[in-house]
Structure formats: C-alpha cells, structure tokens
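Descriptive analysis of the structure
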Amino acid sequence: MIEADRIVRSTCPYCGVGCQVNLHVREDRIFKVDAPFDVAPNFGRLCVKGRFGVDFVHHPARLSKPLIRKDFGRTPRQPVGVEGFREATWEEALDLAAERIANIHRQHGPEAFGTFASAKVTNEDNYVFQKFVRGVLGTNNIDHCARLCHAASVTALTIAIGSSAMSNSIAEMKDLEVFIVTGSNTSETHPVISTFLREAVVHNNAKLIVVDPRKIEMTQFAEVWLRQAIGTDVAIFQAMAQVIVAEELYNQEFIDARTEGFKEYAQSILDCTPEWAETVSGVPADDIRKAARLYANAKAAAIYWGMGISQSVHGTDNALSLANLALLCGHLGRPGTGLNPLRGQNNVQGASDSGGLPHVFTAYQPVNDDEVRTRFENYWGVRLNPQPGLTVMEMVDAAARQVIHCYYIMGENPLMSEPDLKHSRHVMENMEFVLAQDIFINESSEFADIILPATSFAEKSGTFTNSDRRVQLIHPAVPAVGEARDDWSILCDLAKRVEGKLGRTTSAGFDYADPAAIWQEMAALTPAFQGIDHPRLERENGVHWPCPSPDHPGSPYLFEDTFPRGKGIFTPLVVTPGAEVPDLEYPYILSTGRVLFHWHGGTMTRRSKLDDIYPEPTVEIHPQDAVAIGLNPGDWVKVRSRRGEIKVRTLITERSPAGMVFIPFHFAEAAANELTHDQRDPKAKIPDYKMCAVQLEPA
Ligand SMILES: Nc1nc2c(c(=O)[nH]1)N[C@H]1C(S)=C(S)[C@@H](COP(=O)(O)OP(=O)(O)OC[C@H]3O[C@@H](n4cnc5c(=O)[nH]c(N)nc54)[C@H](O)[C@@H]3O)O[C@H]1N2
Ligand SMILES: Nc1nc2c(c(=O)[nH]1)N[C@H]1C(S)=C(S)[C@@H](COP(=O)(O)OP(=O)(O)OC[C@H]3O[C@@H](n4cnc5c(=O)[nH]c(N)nc54)[C@H](O)[C@@H]3O)O[C@H]1N2
Ligand code: SF4
Ligand SMILES: [Mo]
C-alpha cells in the first residue's frame, strides 16, 4: 500500500456530471483517485475516466514553457510539432503576443479577433477571458464548444420557456417514475448519471423510454425502445403528442395556467398520427402509442437528452418537440419532471454562465441591454461594445473572408472538433496570428504562433459548474509543471500588456489576488451568483445557482411557479429532411460521437492509461453491411465522404442499424471530422455531426 502525502478534494476534469474526487498524492504525483461516499453529486461513484484517466496530468508532453513558432510570421503556416517551436521566457512570449494583438487591433479594429473560451477551464478563468475580450479587445467575438454541443437545446428552451439550463437535479434521478432518454448514450458519456437512472429502473421500478437509433446500453433497461431512422425525431415526438391530444391525456390545468399557443399547436399535429410517423421513422406505430401513454399518464416524468437531438440541421426543432411534450403533460416544475439537456464538458455550463458567449455577459445578461452593459462598464471602467459577436462557426466563415485576422484559442481543439476539417484547416493556415493556451500541444496549436502553457485542473483552484448548475471547487493537488501558469493569471498579464501597447491610460482591472477574488467580482456583477463564494462552497461542497443571497439554499430545480419567459409556449413544427442523405455513390449514413474511454480530440485521454484499453480508431458496422462490403472483424476499412477519407478498424456489431455506421471522433490519425459537413441548424448555428453520407471499402 502506498501511503499518501496528502489527499486533495477536487472535481473530475472530464464530464458534466461533476463527480467529486479525492486525489491521492505521493511525492507530488497523483497515484490514486477515489470518491467520497458522503458527497453529492456522485456519492462515491466514479467512471473509468475519473478513476483511471487523470494520469494525463503527469504526461511528459505537458507544456512547461512558453513556445514561439520558429518560422514566426510566415503564412500560409504549416502544422508543426514541438520541434517546430522554440522555448521562450514568459516575458518574451507575452510581450510578443501583446504586440501582435495590438498591431492587429490598430490595423483592423476589434472585430478582427475571434476568441475561444473553454469548457475545460474554471469559471474564474473564463470570466477573466471574456473580460479581456470585451473590456480590452472591444469585441464580443467569443464563443466555445457549447456552440457545437447544446446550442440547439439552448435555442429551443429559450424559445419555449425562456431558460436553457437543465431543470432538475442529479439527486432526483434515482426516484424517477417515468423518463425518456433520447440522443444520449448515457452509460458511456454521463456514466455516473446513468447509474442513478438505472437505479431508478432497477430499484424504483421506473419506466424508461429510450429513443435512439443505436442499441446503446440504456436500451437494456428500457420498457420501450423506439429505434428511429436517424434524424426523424420530430416525427416521433409529434406523433406522441398527437396521441396525447387525441386520447385527451394532456394536463388541462397546467396548459391553462402556465402555457400559451395550445390550440394552434393541437391543430398543427392533427395529421401527425403514429402511422404517419412510422412511415417517416420506421418505428412501429403501436410502440409510439405505448411511449406516449407511459409519458402522459405518469404523475411525474422527465426527459433527458444529448447530442442525438441537438447536433442536427433541425436540432432546434428536435428539442422544441421535446419541450412541446413536457408542456402538454405539465411535466415541468416538480421533482422528477423536467427538460434536461445533459451538459457535456466538466465546465460547459460554467463557461456559458461566466460569459463565454457572443451575446451575453455572466448568467445570460445580454450585452445589448443598456442597463446590464452600463453596470459592467461602470464596474470595469471601460466602454463596451453593444453589438453581439460571432459564433464559433461564424468566426470560421469570417476568417475565411479575412474579416477575422487573429484567433485566441484557450483550452479548445477546433481542428479536431469542428466539422469539415479541411475548411477549418485552410482558415488556420492563413490566419495572421494564432495564440493558443493549453496544457498540451494539440492539432490546433500546431498552427499557433505562440503557445502559452497552462496549469491543469490538478494544479490550480477555482470552480466548475456541472450539468445541474452545481458550482463546485477544485484545489491544487500537485505543483505546476515547469513554468506553466494558471489560465486566469496568464490572461491578466496579457491583458495589461495589451492595454499598455494600445496606449490605454486606465485598465479594466486585472489585478486579482486569487480565483476567489475573481469570483467575488463576478458575483458582484451577477445577481444569480450573489449568494455564492468560495468559503461557502468549501463548507457546503457545492451550491446550485441561482443563489441570490448568502441565506438562500441554492436552487436544485427550477420553474416551480413560473417560467423565465412567463408562460411556456408551444411551437408548431414541420418535419424537414436530413442534411446529407445517402445516394448510390455514398450509400451509408455516418453518425459520429463518443466512446466511454476517450474524450473529444483525445488530447487528454490518449495521454492516459485509457488509451491502452481503446488504442485505435474504430467504425461500428452492422453484420449485414460488413458482408456486403466484404469486411471481417478487425479489418482496416477506408471511409470516404465528399470531403475526405480516413482509415479505421472494423467493429462488427448490431449496435448501429444496417445502413448506418458510427465513428468516434477521438482519434487524430483518423479524425471523423475529415468526413463531416458544415451544414447547420439555421436557428442555433450548430453543425450536424450525426448525419452525413459515406462510402466504405476494405483498405
Ligand atoms: N466518454 C466520453 N464522455 C463524454 C464526452 C466524451 O468525449 N467522451 N464528451 C462530453 C460531451 S462535451 C458531450 S456533449 C456529451 C455527449 O453525450 P451524448 O450525446 O450521449 O454523446 P454522443 O456519442 O454524441 O451520442 C449521441 C447519441 O445520439 C444517438 N443518435 C444519433 N443520431 C440520432 C438521432 O437522429 N436522433 C436521436 N434521438 N439520437 C441519435 C447516438 O446513437 C448516441 O446514442 O458527452 C460528454 N461525455
Ligand atoms: N464529429 C463530431 N465532432 C464533434 C462532436 C461530435 O459529436 N462529433 N461533438 C462536439 C461537442 S459536443 C463538443 S463539446 C466539442 C468539444 O470540442 P473541444 O472543446 O474543442 O475539444 P476538447 O478535446 O475537449 O478540447 C479541450 C482542450 O482543452 C485543453 N485543456 C484541458 N484542461 C485545460 C486547462 O486547464 N487549461 C487550458 N488552457 N487548456 C486545458 C485540452 O488539452 C484540450 O486541448 O466537439 C464537438 N465536435
Ligand atoms: S461520470 Fe463524468 S465526472 Fe464522473 S468520473 Fe466519469 S467522467 Fe468524471
Ligand atoms: Mo459537448
């Protein structure tokens, strides 16, 4: 038995469940991770990533010094590994970065900057990032991976009820009565949440309805599994609503008191019978009826969803079809009910909450609201831009049109995560200046002019906000690697230098003693955070926001009496076709997503023991298709779309239906996004990662 020098409480750096962990440290290395049994949200549970996946912290490839590209200033730039960079002092790197930024600012103005906040770093880091972008650069061109993630859910929920956060807490899950899981491979992507959901089924006799084209593990616990053709969700959920209206199973009292638009909506779905939906989706009409009755007749029923709903050219409509169902049955505002988009990254909720979005400051206070903006202007002592900025995908477009000249990428990897990578790469090749800030070199920082080394979650303090809006602390467990510095502190230094180079006589304020002080400033400007500070989080092991005052207990579930927009509103919807449908040349549908052992572009998990378990890129192929293509298990297969080609290993399984293949996007050597297209949902601007047409042939 190794004895720990210290055991440090922290929050898992991977997914939005936000599991609390104990980091066991010996000689400044984490040698074991376990979980406290008495603390929410996980109560002792962890998945393989939290338990065995944090060894990336000690990987030799961690960045330890600022790096400057050897052929600095030459375009078009080529991607280079570490050998393409030289080490520099902080002084030199920050000075050079500030000078380039100031030059571009003078030459092209504030809108020449495209900036990426991060769902991997703390709220405090993100707050300072957006303060730098808004208060110093003067643009609102700030966005992050939430755009590629739950943007459609956010848009839909904002329309339907006026707020986008998950409405119920993880704590309620084990007591559910009826619930729908759709477009969420919960046991692989929110594993600890999936244990509570399964507990509800096994111990509480809850009824689970799974709506997913793939035979994911959750289907084993389902009372009903609707296996729809990919991209046909609106038809299914409209048909469920049609049954509920036709059989008068709706909640009249709730509809009268708390909603508007019911009559028009009911009228709009008259023809959306289960038989009609069967022709669209392939799901037997009677199964749709069964699901509708289960959901509507429950005293309390909740809906959980993920990327299968959101990442679609009609993602907003998909999520609206779920909102319509909840409003119809009044399954909102009580324990065990609700609309719950499961948030993905450890701090994606927080990155949005702390203002890492193009149209809002902290806690969704609009930049174009004069009262709000004036409050921020007065506090920071600078004038702010009222014009909402560009989203991630719009920044790519603006860069292609040479409107954006500089990218600042903190803790993201767009050259693995954006769709149609060829296009994104082209944009990076021609950018005037790229500044990256990360714990590793990744596929994106290979294009950077300067890379600033950041400390990881295990080396700093601050807060992450998990999927149910629980703000939780992290604590430094091990020393920084080399000269790496905390993201917020790098930002403060850079901001002051840029202010200097721009000849500003006053500063927006970048002198903080520590992350706790940053939180204090954020709370002072954000009514919904005012009851939370670091000492309270320490005492209570996390608090759910909104929490307007120190004596407020925090808000584990929302919308008890009213919705933020007042009444909930029904939205009539029409079924629209998928983004790219198969044809003779590209006869298979490709869907992309995740596996349990890996994380996004793999920057972290591929530098951990988890890579030994799942070392190679794979494609899930139905046995029937494998025969047709001539593939045996383990064969390498070429997968080609109109945009690119990759080589992956064949995994023959009935998980994906015939005609559809599934590729995880974790592997740089076979990046799934070489194949995807960049068509987007017109309302939420989210790309469709779940449906493109491909051809397969033995490699
Ligand atoms: N291990 C691991 N866990 C993660 C992550 C990771 O990289 N690795 N990432 C985190 C992040 S940021 C996120 S956003 C979440 C994502 O979590 P999920 O959304 O669960 O992840 P995906 O693998 O994208 O799974 C999408 C699901 O949608 C289904 N699907 C595909 N097409 C359709 C469709 O047309 N309709 C419906 N209804 N379903 C469809 C797929 O079969 C799959 O079950 O995971 C988080 N957790
Ligand atoms: N084909 C396909 N593409 C997808 C998706 C899909 O389902 N299919 N899903 C989309 C979704 S939902 C998401 S959320 C995005 C995710 O896309 P990204 O956010 O771009 O992906 P990550 O790989 O999580 O990038 C996180 C980066 O942060 C770095 N990092 C970790 N900790 C720290 C820190 O403390 N400080 C700093 N500065 N850096 C740190 C990591 O090293 C890594 O480089 O991908 C999207 N792309
Ligand atoms: S469920 Fe999510 S937060 Fe919990 S240990 Fe696994 S990856 Fe970490
Ligand atoms: Mo995500």
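If you're wondering where the values come from, they're calculated on a predicted model, not measured in any experiment.

1. Looking at the overall build of the chain
When helices and strands are tallied, the chain shows 23 helices and 26 strands. By its C-alpha atoms, the chain is 70 × 65 × 60 Å across when sized along the principal axes. Expressed as a percentage of its 699 residues, the buried residues of the chain come to 63%. Expressed as a percentage of contacts within the chain between residues at least 6 apart in sequence, the contacts between residues at least 24 apart total 74%. Summing over all exposed atoms, the chain offers an accessible surface of approximately 24000 Å²; the carbon and sulfur share of this is 51%.

2. Describing the packing of helix 2 (residues 90-108) against helix 19 (residues 487-501)
The interhelical angle for the contact between helix 2 and helix 19, taken along N-to-C directions, is 50°, at an axis separation of 9 Å. Comparing their axes, helix 19 and helix 2 come out oblique. In terms of crossing hand, the pair formed by helix 2 and helix 19 is right-handed. Judged by residue contacts, Trp90, Glu91, Leu94, Asp95, Ala97, Ala98, Glu99, Ile101, Ala102 and Arg106 of helix 2 engage Ile490, Asp493, Leu494, Arg497, Val498 and Lys501 from helix 19. Grouping the constituent residues of the contact of helix 2 with helix 19 by class yields nine nonpolar, no polar and seven charged.

3. So, the domain arrangement of the chain
In terms of domains, the chain is made up of domain 1 (67-148 + 346-458 + 479-518), domain 2 (151-342) and domain 3 (588-698). Taking only C-alpha atoms, the centre of domain 1 and the centre of domain 2 are 37 Å apart. Around 270 Å² of area is buried between domain 1 and domain 2 when both sides are counted, 40% of it from carbon and sulfur atoms. Its largest share of buried area at the contact with domain 2, domain 1 owes to Arg147, Leu148 and Gln349, together 74% of the area lost on that side. Put simply, domain 1 and domain 2 have zero salt bridges between them. Of the residues that constitute the side of domain 1 that touches domain 2, the class distribution is two nonpolar, one polar and one charged.

4. Digging into the site of ligand 3
All residues adjacent to ligand 3 are Cys12, Tyr14, Cys15, Val17, Gly18, Cys19, Leu46, Cys47, Lys49, Gly50, Pro191 and Val192. Only helix 1 (48-52) and helix 6 (191-204) provide two or more residues apiece to the shell around ligand 3. Taken together, the residues that form the shell around ligand 3 break down as nine nonpolar, two polar and one charged.

5. A closer look at helix 10 (residues 274-281)
Those residues of helix 10 that fall on the buried side of the exposure criterion are Pro274, Ala277 and Ser281. End-on, the buried residues of helix 10 take up no more than an arc of 55°, which puts them together on one face. Its buried side turned inward, helix 10 meets helix 7 (233-246) and helix 11 (285-297). Following helix 10 by one or two positions, Gly282 has its phi on the positive side, about 80°.

6. Points about the site of ligand 1
For ligand 1, the set of nearby residues contains 35 residues, the closest of which are Asp212, Gly231, Asp233, Met307 and His598. A distance of 3.1 Å is found between a nitrogen atom of ligand 1 and a side-chain nitrogen or oxygen belonging to Lys49. The side chain of Lys690 places a nitrogen or oxygen atom 2.9 Å from an oxygen atom of ligand 1. Surface burial for ligand 1 is 99%, taken as the share of its 910 Å² of free accessible area covered by protein chains. Broken down by secondary-structure element, the contributors of at least two residues to the shell around ligand 1 are helix 5 (186-189), helix 12 (307-310) and strand 21 (588-593). Residue classes in the shell around ligand 1 are distributed as eleven nonpolar, 17 polar and seven charged.

Thresholds, definitions, all that
Residues numbered from 1 in each chain as written. Chains lettered and ligands numbered in written order. Predicted model: local features only at pLDDT ≥ 70, side-chain atom pairs only at ≥ 80, totals over all residues. Heavy atoms only, no water. Helix = DSSP H or I, 4+ residues; strand = E, 2+ residues; numbered from the N terminus. Buried < 20%, exposed > 50% of the residue type's maximum accessible area, 1.4 Å probe, protein only. Contact = heavy atoms within 4.5 Å. Areas by Shrake-Rupley, 256 points an atom, 1.4 Å probe, with all protein chains shown as cover. Axes fitted to C-alpha atoms, helices over the stretch in contact; angles between N-to-C directions. Parallel < 35°, antiparallel > 145°, perpendicular 65-115°, else oblique. Left-handed = near helix turned anticlockwise from the far one by under 90°. Nonpolar A, V, L, I, M, F, W, Y, C, P; charged D, E, K, R; others polar. Domains from an automatic or database assignment. Buried area = accessible area lost by both parts, 1.4 Å probe. Salt bridge = Lys/Arg side-chain N within 4 Å of Asp/Glu carboxyl O. Near = heavy atom within 4 Å. Arc of directions from axis to C-beta. Polar contact = N/O pair within 3.5 Å; in protein donor to acceptor, adjacent residues only side chain to side chain.

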